[in-house]
Amino acid sequence: MAEKDFNLHDVVQMKKPHPCGENRWKIIRMGMDIRIKCLGCDHSVMIPRRDFTKKVKKVLEKAED
């Protein structure tokens, strides 16, 4: 499977939507764990990088440099 290219402040779509109904997440912290924030309800979740790469579907918006 192709490696997905994501960076800090990108907006990504996950394979499963958040319970609030939104499926747009902003990456707000990167390291060994990645913290993402739901753009619908502002709830944030920390996911290990290994699991995140499996669960992310695609990058919707790239961050402006």
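Anything mentioned here points back to the structure above.
No experiment lies behind these values; they were computed from the predicted model shown.

Draft legend 1. Layout of the sheet that holds strand β4 (residues 44–48). The strand order across the open sheet formed by 5 strands is β4-β3-β2-β1-β5, and the pairing between neighbours is antiparallel. Single-partner strands in this sheet number two, and they are β4 and β5 (56–61). Ignoring strand direction, the axes of neighbouring strands in this sheet form an average angle of 40°. Where strand β3 (residues 33–38) lies against β4, 5 bridges are found, and the strand directions are antiparallel. Each residue of the ladder has a partner; that of arginine 35, found in β4, is methionine 46.

Draft legend 2. Fine view of the layout of surface pockets. A volume near 180 Å³ is recorded for the largest pocket. Considering the residues around the largest pocket, the lining is formed by Met14, Lys15, Lys16, Pro17, Trp25, Ile36, Val45, Ile47, Lys54 and Lys55. Among the elements of the structure, β4 and α1 (49–55) are those that each provide at least two residues to the lining of the largest pocket. Its residues placed into classes, the lining of the largest pocket shows 6 nonpolar, no polar and 4 charged.

Draft legend 3. Representation of the environment of leucine 60 within the structure. On the secondary structure map, leucine 60 appears in strand β5. In the structure, leucine 60 is positioned 47 residues away from glutamine 13 in sequence and 6.5 Å away in space, judged by C-alpha atoms. Each residue touching leucine 60, except ones within four places of it in the same chain, is listed here: Val11, Val12, Gln13, Asn23 and Arg24.

Draft legend 4. Region of the structure containing unusual backbone geometry. Despite not being glycine, histidine 9 has its phi angle at roughly 75°, a positive value. Position of histidine 9 relative to the elements: it lies in the segment before β1 (11–14). Phi is positive for aspartate 42, close to 65°, though the residue is something other than glycine. With respect to the helices, strands and loops of the structure, aspartate 42 is situated in the loop between β3 and β4.

Thresholds applied
- Residues numbered from 1 in each chain as written.
- Predicted model: local features only at pLDDT ≥ 70, side-chain atom pairs only at ≥ 80, totals over all residues.
- Heavy atoms only, no water.
- Pairing = 2+ DSSP bridges.
- Helix = DSSP H or I, 4+ residues; strand = E, 2+ residues; numbered from the N terminus.
- Axes fitted to C-alpha atoms, helices over the stretch in contact; angles between N-to-C directions.
- 1 Å grid on protein atoms, 1.4 Å probe; cavity = no way out; pocket = protein on both sides within 12 Å on 5 of 7 lines; lining within 4 Å.
- Points joined across faces, edges and corners; volume = space filled by probe spheres on them.
- Nonpolar A, V, L, I, M, F, W, Y, C, P; charged D, E, K, R; others polar.
- Contact = heavy atoms within 4.5 Å.

Taken by themselves, the reported measurements are silent on function.
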